[in-house]
Amino acid sequence: GASASVITSPLDMAKLRLQTQRALKPGELAPAGYVKGMLDALAAIYREGGIRALFRGAGARVAFHTPSTCITFTCFEECR
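Residues numbered from 1 in each chain as written. Predicted model: local features only at pLDDT ≥ 70, side-chain atom pairs only at ≥ 80, totals over all residues. Heavy atoms only, no water.

What is the right way to read the overall build of the chain from this model?
Across its full length, the chain carries 4 helices and 0 strands. Secondary structure elements of the chain, listed N to C terminal, follow the sequence α-α-α-α. Relative to its length of 80 residues, the chain is extended, with a C-alpha radius of gyration of 17 Å against a globular reference of 12 Å. Seen through its principal axes, the chain has C-alpha atoms that stretch 55 × 30 × 15 Å. Residue burial in the chain is summarised as follows: out of 80 residues, 19% are buried. Considering only intrachain contacts with a sequence separation of at least 6, the fraction spanning at least 24 residues in the chain is 62%. In the chain, the 10 positive side-chain charges and the 6 negative ones have mean positions that sit 8 Å from each other. (Helix = DSSP H or I, 4+ residues; strand = E, 2+ residues; numbered from the N terminus. Rg over C-alpha atoms; globule rule 2.2 N^0.38 Å. Buried < 20%, exposed > 50% of the residue type's maximum accessible area, 1.4 Å probe, protein only. Contact = heavy atoms within 4.5 Å. Lys, Arg positive; Asp, Glu negative; His and termini not counted. Charge placed at Lys NZ, Arg CZ, Asp CG, Glu CD.)

Structure, rendered in structure tokens:
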């Protein structure tokens, strides 16, 4: 759980960037900094802050996912 959280952290950052940008109206030109897809978002984050920017928030994701993974495995082993 913890390693998967760290590995997928850049994808989560890109998803967040795509979700929080304003939607374009039909025919509207994209403003500067607008990202068009997942790879474009990853590249923009990397350009702005380097590799550290891609993994910003990874510690919080690990802290969130680790307890639930432990509880899930414990329940699975006890019920088996």
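Help me understand the pattern of salt bridges, please; the structure alone is not making it clear to me.
For side chains bearing opposite charge, pairing can occur when the charged atoms are close. One pass over the full model with this rule turns up 5 salt bridges. For Glu-28, the salt bridge is made with Arg-22, and the minimal N-O distance between the two is 2.8 Å. One network of salt bridges, in which partners are shared, links Asp-12, Lys-15 and Arg-61. (Salt bridge = Lys/Arg side-chain N within 4 Å of Asp/Glu carboxyl O.)

The analysis is restricted to geometry; functional conclusions fall outside its scope.
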